[in-house]
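# Inside the fold
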Amino acid sequence: MKIIEYPANSDLEKLLERPYADNTVVESAVQEVLASVKEGGDKALLEFTRRFDQAEISSLAVSSEEVQQAEHLVPQELKEAINTARSNIEKFHALQKEESIKVETSKSVQCWRKSLPIQKVGLYIPGGSAPLFSTILMLAVPAKLAGCREIILCTPPSKDGSIHPAILYTAKLTGISKLFKVGGAQAIAAMTYGTESIPSVYKIFGPGNQYVTTAKQMVSREGVAIDMPAGPSEVAVIADESANPVFVAADLLSQAEHGPDSQVVLISDSKTKISEILDAVHAQLEQLPRKSLAEKALDNSKAILINDMTEAMLVSNAYAPEHLILQVKNPEALADMVTDAGSVFLGHYTPEAAGDYASGTNHTLPTNGYARAYSGVSLDSFVKKVTFQHITEAGIQALGPAIELMAEAEQLDAHKNAVTVRLKHLKQG
């Protein structure tokens, strides 16, 4: 990690830039995949599965027999852990339901807003070196609570054509029955255009590599919605003199092990503490199976020495991290100063891993600075909020003249007339 001491405020924007990646080659490859799936359907998907996943499969759909077999392959302790996480995630997201409240904005004019589920949603679950069955909980639980009518799930198969048992078990636990063996940009294409086996959806959720992320952004221009724009995962940790270097190092590495393009940022007002934390990082790094990935991520990462905690929050808000961990003696005070972050973890015993798995909050969060304007996935992500209004005869008589004047001022005569004909009708009656 590169150490930066006492940066000037004017330097923060440049200092906190994410590593730049030229996606020209990726975009070209993704465009080819999208076009092939749009034209070739299942045949194209099976060919891409052979090419990219080295898996020979005859059917894209996961069979009920495969799901049943998987249930016996998941250890009981892991099942119980998944159930604990599901329960907590459900409790947290269930409280996000909103009641529809009618308000009389003026005499005899009622307005209200109602949350209606997105009817068809698609969930993308990465497989490969890290089968993210936890992401199923984060997406399927709120989708079910929202009342989405059709939920499909796409995930890449292993070379033998199987899906990780924990993915299948978690899908069954959350009530998802439409599962498909397809990954990468081709899965995003399938959920966008539809194929003989895989239905098209209205909104696509889920993380993925640069090809998946690019595919999601490209199809969002074609009428299908996506959860949010995303980039590589990231964390910022603010540590004062009370922080435990071993804890901080573990949190930094838990993010760094995601992949070489992940980024971690350490912010502290203690030069000694930074040194202790970096020593702990190096010691723990040697024990990680994913050491090589974490090392590459650390090459893109920074430790920033600042004067005090107020300045620490200035740096953090400028960075707008996906995850923000406050390992300080008074985390609540700093939490009140947060303006831009995806999810915040308070105190020495609140690791990011808790939110990733089982505390109840959602781990599908805005990255790459998008936390300045986007929220993480929630129940709201799976609904549309439709407004309604009802105006009575008395209401249009009272409000109509104001509408007529405004429409006339904007030279929209047909708008004005839509009110005028009603007022005349009431006057004649």
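Provided above is the structure to which this section pertains.
## Things to note about the side chain of H323
By secondary structure assignment, the location of H323 is in strand β12 (residues 323-327). By relative accessible area, H323 is classed as buried at 2%. Polar side-chain contacts of H323 include one of 3.3 Å to the side chain of Q255. Apart from the residues lying within four places of it in its own chain, the contact partners of H323 are S233, E234, V235, A236, Q255, S343, F345, E352, D356 and L365.

## Describing the sheet that holds strand β13 (residues 343-346)
If you trace the six strands from one edge of the open sheet to the other, you get β1-β11-β10-β9-β12-β13, paired in parallel fashion. Whereas interior strands pair on both sides, the edge strands pair on one side only; in this sheet they are β1 (2-5) and β13. Across the sheet, the mean angle from the axis of one strand to that of its neighbour is 15 degrees, orientation sign disregarded. Sheet topology note: the strand β9 (residues 234-239)/β12 ladder contains five bridges and is parallel. For I238, the partnering residue across the bridge sits in β12 and is L326. Running at roughly 175 degrees to β9, helix α13 (residues 309-319) makes contact with β9, β10 (263-268), β11 (302-305) and β12 of the sheet.

## Notes on the packing of aromatic side chains
Considering all chains together, one arrives at five aromatic pairs under this definition. A centroid spacing of 5.6 Å and a plane angle of 5 degrees characterise the contact between W112 and F388, whose relative ring orientation is stacked. Taken together, the positions of W112 in strand β3 (residues 109-117) and F388 in strand β14 (residues 383-391) put the pair 276 residues apart, joining distant regions of the chain. Here W112 falls in the buried class, since its relative accessible area comes to 19%. Residue placement shows R18 over the ring face of Y319; its charged tip is 3.9 Å from the ring centre. Sitting over the ring of W112, K102 keeps its end group 4.3 Å from the ring centre.

## Topic: the pairing of β10
For β10, the buried fraction is high: six of the six residues fall into the buried class. Taking every second residue as pointing to the same face, both faces of β10 are buried, with Q263, V265 and I267 on one and V264, L266 and S268 on the other. Here six bridges tie β9 to β10, and the two strands are oriented parallel to one another. Paired with E234 across the strands is Q263, a residue of β10. In this fold, the crossover linking β9 to β10 by way of helix α10 (residues 245-256) has right-handed handedness. Bridge analysis of β10 against β11 gives four bridges, and the strand direction is parallel. The residue bridging L266 from the neighbouring strand is A303, located in β11.

## Thoughts on the pattern of salt bridges
Taken as a whole and judged by the stated rule, the model has 17 salt bridges. Residue E66 pairs with K181 through a salt bridge whose shortest N-O separation is 2.7 Å. Taken together, the positions of E66 in helix α4 (residues 64-73) and K181 in strand β6 (residues 178-181) put the pair 115 residues apart, joining distant regions of the chain. Between E90 and R86 there is a salt bridge, with the nearest N and O atoms lying 3.4 Å from each other. Of this pair, E90 and R86 both sit in helix α5 (residues 76-94), four residues apart, which is roughly one turn of the helix. The class for E90 is partly exposed, based on a relative accessible area of 34%. Through salt bridges that share partners, E98, R113, D380 and K385 make up one connected network.

## Quick look at the packing of helix α8 (residues 184-193) against helix α9 (residues 210-219)
Running from N to C, α8 and α9 cross one another at 25 degrees; their axes reach a closest spacing of 7 Å. The orientation of α8 with respect to α9, classified from their angle, is roughly parallel. Where α8 crosses over α9, the handedness of that crossing is right-handed. Only Y211, V212, A215, K216 and V219 of α9 make contact with α8, whose side of the interface consists of G184, A185, I188 and T192.

## Describing unusual backbone geometry
Although it is not a glycine, Y6 sits at a positive phi angle of roughly 45 degrees. As for its placement among the helices and strands, Y6 is situated in the loop between β1 and α1 (12-15). A residue is classified by how much of its surface remains accessible, and Y6, at 45% relative accessible area, is partly exposed. Even without glycine at this site, Q411 takes up a positive phi of about 60 degrees. For Q411, a relative accessible area of 69% puts it in the exposed group.

## Description of the nonpolar core
In terms of nonpolar packing, the biggest core is built from 38 residues, with V121, L123, I176, L179 and F382 touching the most fellow members. Secondary-structure elements contributing two or more residues to this core are α4, α5, β4 (120-124), α6 (133-146), β5 (150-155) and α7 (165-173). Take this core: its biggest share by element is 10 residues, from α6. Not counting the four nearest positions on each side in its chain, V121 is found in contact with A143, C148, E150, I151, I152, V201, K203, F205 and F382. V33, Y124, A189 and V212 belong to the second largest nonpolar core, which has 30 residues in total.

About the criteria used
- Residues numbered from 1 in each chain as written.
- Predicted model: local features only at pLDDT ≥ 70, side-chain atom pairs only at ≥ 80, totals over all residues.
- Heavy atoms only, no water.
- Helix = DSSP H or I, 4+ residues; strand = E, 2+ residues; numbered from the N terminus.
- Buried < 20%, exposed > 50% of the residue type's maximum accessible area, 1.4 Å probe, protein only.
- Polar contact = N/O pair within 3.5 Å; in protein donor to acceptor, adjacent residues only side chain to side chain.
- Contact = heavy atoms within 4.5 Å.
- Pairing = 2+ DSSP bridges.
- Axes fitted to C-alpha atoms, helices over the stretch in contact; angles between N-to-C directions.
- Phe/Tyr/Trp six-rings, centres within 6.5 Å; stacked < 30°, edge-to-face > 60°.
- Lys NZ or Arg CZ within 6 Å of the ring centre and 35° of its normal.
- Right-handed = clockwise from strand over helix to strand, strands pointing away.
- Salt bridge = Lys/Arg side-chain N within 4 Å of Asp/Glu carboxyl O.
- Parallel < 35°, antiparallel > 145°, perpendicular 65-115°, else oblique.
- Left-handed = near helix turned anticlockwise from the far one by under 90°.
- Core = buried A, V, L, I, M, F, W, Y, C linked by side-chain atoms within 4.5 Å.

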